[in-house]
Amino acid sequence: GYRKGGYHAVRIGDRFSAGRYVAQRKLGWGNFSTVWLAYDTLSSKYVAIKIQKSAKQYAESALHEIDILSSIAQGDASNSKCVIKLLDHFKHGGPNGQHQCLVTEFLGDSLLKLIRYNRKKGIGLHQVRQLSKSVLAGLDYLHRELGIIHTDLKPENVLLVSTIDPTKDPTRTDVPPLLERSEGNPVPIKVNVAEKWLKLRANRAVAKISLRRVSLGGAMEVDNRSLEGVDLRCKIVDFGNAVRANEELMEEIQTREYRAPEVIIGSGYSFSADMWSFACLVFELATGDTLFVPKPGEGFTEDEDHLAQMMELLGKMPKQIAISGSRSKDYFDRHGDLKRIRRLKFWPMDKLLVEKYSFTETDANNLSNFLCPLLDFEPEKRPTASQCLVHKWITDS
Ligand code: ATP
Ligand code: MG
Ligand code: MG
């Protein structure tokens, strides 16, 4: 928490980097950091500042993220590759110590929020396809051009981008609503021009998606009304755990639900581990449900339940793969069968989509044709991001 080595407490109106950035509101947080919307007085734009906890291990992990994000920014001068752009970084001294701060472009709500607003029904296949294109473009760039594995792809690490181009928006000539602090009490200084601009924005035809609040700087927030006919775009964020494929890899990666089987059994991983997570993400967008939700039970662990759920959806894991990992013996017998979960209830994806999620047969077949190869137990057989980009499911509109 907020103690020595921990988070830096931010109040609205606080200034950073010799006064350049002014804190506006909290955007999110993680175990290592809080993320703030700030106004950049130099560029007159809104930015996001990720303020890391101050202890040494957090500072080191921030420096790693800065290193990865610098490579990403270097290869993407036009900022068109569906990956978040690093703008600046600095150190900020506070009562809890020195905090590494990352300044990035300000983006919109996460896909997690989008999925939550559409709980149990998914967001519509047209939107799933649009968002998939963005995520694939981002992954293709990371994998093929940079040799970077993200290792933590999931809905909260993909943020929406507005399709409004702020540089082409003639109404964007306002003074932003800067907030200033007086006597420790945050007082918003309302700027009339800005309010008018916000109203204008909210009424624009481009904002067909009904916005709870059209946010500043071209980012996008969603509400639960119809997304029909809206082209959505998004960007991949959160490179705190990203690795270069040619460097030494950590053993345990990915958030549980999006974790690939080779990571669980300890047989090594590569770019294709991101493709597994990508398939889980697409399924979740399409149905509103998380694909795998493993739970420990009587006589088996969360890992074993996870492997069992994978096999119930995808069929039995080939023996050669099952027994190939450093942890295989914990889960499988020498025939390649799970030791402690003997009965599997097979429910293949095309049937699941029809029977549980009321997809039409055609939609179900097309989507499972796209996703099942990405969920191949053999990582080398999974299509790459660039192969996915030319798949029928993606190119057919
Ligand atoms: P930690 O490493 O501290 O556990 P994290 O790595 O998960 O945290 P991020 O994923 O980078 O941190 O950011 C946390 C959340 O903050 C995101 O899920 C998102 O909601 C919000 N956020 C991050 N960056 C931005 C941005 N550029 N624009 C808008 N919101 C952002
Ligand atoms: Mg995150
Ligand atoms: Mg992180």
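All of these numbers come straight from a predicted model, not from anything done at the bench.

Which residues make up the environment of Leu136, and what values do they have?
Mapped onto the fold, Leu136 is located in helix H3 (residues 125-146). A relative accessible area of 0% means that Leu136 is categorised as buried. The spatial distance from the C-alpha of Leu136 to the C-alpha of Lys81 is 9.6 Å, given a sequence separation of 55 residues. The residues contacting Leu136, other than those within four sequence positions of it, are Met275, Phe278, Phe370, Ala385, Cys388, Leu389 and Ile394.

Describe the site of ligand 1, and please don't skip the residues or the numbers.
Ligand 1 sits among 18 residues. The nearest are Asn31, Phe32, Ser33, Glu105 and Asp238. Contact between ligand 1 and Ser33: an oxygen atom at 2.8 Å from a side-chain N or O atom of the residue. Residue Lys50 places a side-chain N or O atom 2.8 Å away from an oxygen atom belonging to ligand 1. Isolated, ligand 1 exposes 620 Å² of accessible area, and the fraction of that covered by the protein chains is 87%.

Describe the coordination of the magnesium ion (ligand 2), and please don't skip the residues or the numbers.
The magnesium ion (ligand 2) binds to the protein through Asn157 (OD1) and Asp238 (OD), with metal-donor distances spanning 2.2 to 2.3 Å. Between the magnesium ion (ligand 2) and the magnesium ion (ligand 3) the interatomic distance comes to 4.8 Å, and Asp238 is a ligand of both metals. Pair noted here: Asn157 is in the loop between strand S7 (148-149) and strand S8 (158-161) and Asp238 is in the loop between strand S11 (233-236) and strand S12 (243-244), with a separation of 81 residues, a long-range link. Given a relative accessible area of 5%, Asn157 falls into the buried group. Using a relative accessible area of 22% as the deciding quantity, one classes Asp238 as partly exposed.

Calculation rules
Residues numbered from 1 in each chain as written. Chains lettered and ligands numbered in written order. Predicted model: local features only at pLDDT ≥ 70, side-chain atom pairs only at ≥ 80, totals over all residues. Heavy atoms only, no water. Helix = DSSP H or I, 4+ residues; strand = E, 2+ residues; numbered from the N terminus. Buried < 20%, exposed > 50% of the residue type's maximum accessible area, 1.4 Å probe, protein only. Contact = heavy atoms within 4.5 Å. Near = heavy atom within 4 Å. Polar contact = N/O pair within 3.5 Å; in protein donor to acceptor, adjacent residues only side chain to side chain. Areas by Shrake-Rupley, 256 points an atom, 1.4 Å probe, with all protein chains shown as cover. Donors = N, O, S within 2.8 Å, 3.2 Å for Na, K, Ca; no water.

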